[in-house]
Amino acid sequence: MDFKPLLKSALGEEPCDLLFKNAKFANLCTMEYETGDIAVKNGVIVGIGGGYAAKETVDCAGRLLLPGFIEGHMHVESTFMVPRNLAAEISPHGTTTVMPDPHEIANTCGTEGIRFMHRESEGLPVDFYYGAPSCVPASAQETPFEYIEADEIKKLFADGSCTHLGEMMNFPGVYLGDDKVWAKLAASEGRVITGHAPRVSGRELAAYLLGGITSDHECDNAEEALEKLRRGMYIMIRQGATARNLKELAPLLAARPGLAARCLSVSDDISPNFIHERGHLDGCLRELIECGVEPLAALRTITLTPAEYFRLYDRGIIAPAKLADIVMVDNIEKCTVLKVWKRGKLVAENGAPTEKITPAVTSALPGYGGEVRTPTADELRVKIDAPGVEINVIGVIPGQVVTKTIRMAPTDIDGYACADAERELAKMAVVEKNRGTGRCAVGFLHGFGLVRGAVASSIAHDAHNYTCAGMDDISMETALRELACLGGGIVIAEGENILAELELPVGGLMSLLSAAEIREKTVALNAARDALGCTNPHALMQLSFMSLSVIPELKLTDKGYFDISRCEVMPLFVH
């Protein structure tokens, strides 16, 4: 941007567009609170101090101004909202910039899905800077719409759809020198490369860092985070709807506030309900402070540090030559967001956007448009192939996306392995839908919490094929058939009856509904889940991770069982 035309306004010789008078603001350069008028011209802060005149003034007496909040890692698709509706939801919480990884829609719709997200994010009160997905598919065990290799990543950078490389989940491929993985790293050509390295340490961590990866959002304990900080990484403190690591990692920041220069607070996966109940990054700020982190250090993790990490040098602090992305709050501890300005324009006030963003989408929906054949009840039956065999079962861990590998004797009914509520044993099926083959794999879950009926979803990280957990084959057939009719979504069924559903027509991942409308549908889904006697309040979210073949331990994809810890395909039956 050419700042020369702003010089006279900066010198007080010409009036500015906007003036924040009597302002108390957080200065993250010196980690203190400062007072003074803040002058804005053409969306840029041009001066701080007294004597400025402006066309519009805002009296900030009794309030506190903060830099606009920056989300360092999230998946837009996990919110069920398209970018335009998401911006309307998070802007009133003070978020002015997000750095999403669109590998969810990349799996279901390919590179056109990424370009769709980029197009749909233009002209909004929140800036979206997408990372080029580095792992599509997440592993060889998953079936995406198309494979995204180094050449496609280069094109996404060249046309401006992406600005950095998204989370490098294939950490074994990095430290074992896989040629395709390293070609993607090379395609970044000096851009920021974000990481994903759960439990990677020691020599493997050192080798992983040779790939140019500079951050990780998978740390769930302070010891792991500290090792990665010591080795030069930035740590993203995740506090999402499923994976929540803030309480485990906050003591690091509380004891060493200086580490805020190397820590970002991020969401990863969040839902409309989660945002409604605790906010977005404003919630992270409150929770860090509640955990004993010095308030300005906590604030740095959602402002200056993500700006520096992603090389967004035009934002992150309140200072001349920076964008006028400004959040007005009552105080930093409560962080009740009163008003939000984006590039000097008021975009949100008292919890609502100042302008309605319509329509939900402005371009054609991407992805496979054909029919997907789902299995019948008979095709879902699992015949026991020999007497005395055991079955491999995915052990669900409450509140976690990691699982265990369990061996159990099957519940034998007329020679078929069946679900069994008394043994907490549910059947699971994954149906390939991204290419329309309808290939189906069947396995079992232990501890999922379902008592009867079935739950089916097209939210199934990372390939997002159709996934179903059920207690009888007819309910599973019904749920999967309805899911295909919707073109994606979440369906709860019992027998031949549909109890509740949420349609997700955008790549099988996102709705065209507003956040409030999605919350209403979610209430109905939760009520239907509870009506089936489900004891797991996070069943819908946990089901979405039972196919993710890059997080330990045992997962089921459309190609069958895969044990991530052993890095090998596993059979259903153990002889």
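Preceding block: the structure.
Residues numbered from 1 in each chain as written. Predicted model: local features only at pLDDT ≥ 70, side-chain atom pairs only at ≥ 80, totals over all residues. Heavy atoms only, no water.

### A look at helix α6 (residues 179–187)
Within the sequence span of α6, burial applies to V181, K184, L185 and A187. Viewed end-on, α6 has its buried residues packed into an arc of 160 degrees, placing them on one side of the element. Facing away from the buried surface of α6 by more than 90 degrees, the exposed residues are D179 and A186. Next to the buried residues of α6 lie α4 (150–158), β12 (164–168), α5 (171–175) and β13 (193–195). Here α6 starts with a cap whose side-chain oxygen sits 3.0 Å from the backbone nitrogen of K180, and that cap is D178. One or two positions beyond α6, positive phi appears at E189, with a value near 50 degrees. (Buried < 20%, exposed > 50% of the residue type's maximum accessible area, 1.4 Å probe, protein only. Helix = DSSP H or I, 4+ residues; strand = E, 2+ residues; numbered from the N terminus. Arc of directions from axis to C-beta. Contact = heavy atoms within 4.5 Å. Polar contact = N/O pair within 3.5 Å; in protein donor to acceptor, adjacent residues only side chain to side chain.)

### Structural notes on the pairing of strand β32 (residues 554–557)
Across a regular strand the side chains alternate sides, sitting on one face of the sheet and then on the other. Alternating residues of β32 divide into L554 and L556 and K555 and T557, and every residue in both groups is buried. In this sheet, strand β33 (residues 560–563) lies alongside β32 in antiparallel orientation, the contact comprising 4 bridges. Bridged to L554 within β33 is D563. Counted along the chain from β32 to the antiparallel partner β33, the turn is 2 residues long. (Pairing = 2+ DSSP bridges.)

### Some thoughts on the packing of α4 against α6
Direction vectors running N to C along α4 and α6 enclose 15 degrees, while the axes themselves pass 8 Å from each other. Between α4 and α6, the angle is such that the two are roughly parallel. Relative to α6, α4 is oriented so that their crossing is right-handed. Contacts from A150, I153, K154 and F157 of α4 reach α6 at A183, K184 and A187. (Axes fitted to C-alpha atoms, helices over the stretch in contact; angles between N-to-C directions. Parallel < 35°, antiparallel > 145°, perpendicular 65-115°, else oblique. Left-handed = near helix turned anticlockwise from the far one by under 90°.)

### Examining the sheet that holds strand β8 (residues 69–74)
What the 3 strands build is an open sheet, ordered β8-β9-β10; its pairing is parallel. Strand pairing shows two members of the sheet lacking a second neighbour, β8 and β10 (127–128), which therefore form its edges. Judged from the 2 bridges that link them, strand β9 (residues 95–100) and β10 form a sheet pairing that is parallel. When the sheet's bridge partners are listed, T97 is paired in β10 with D127.

Honestly, it's all geometry; don't read function into it.
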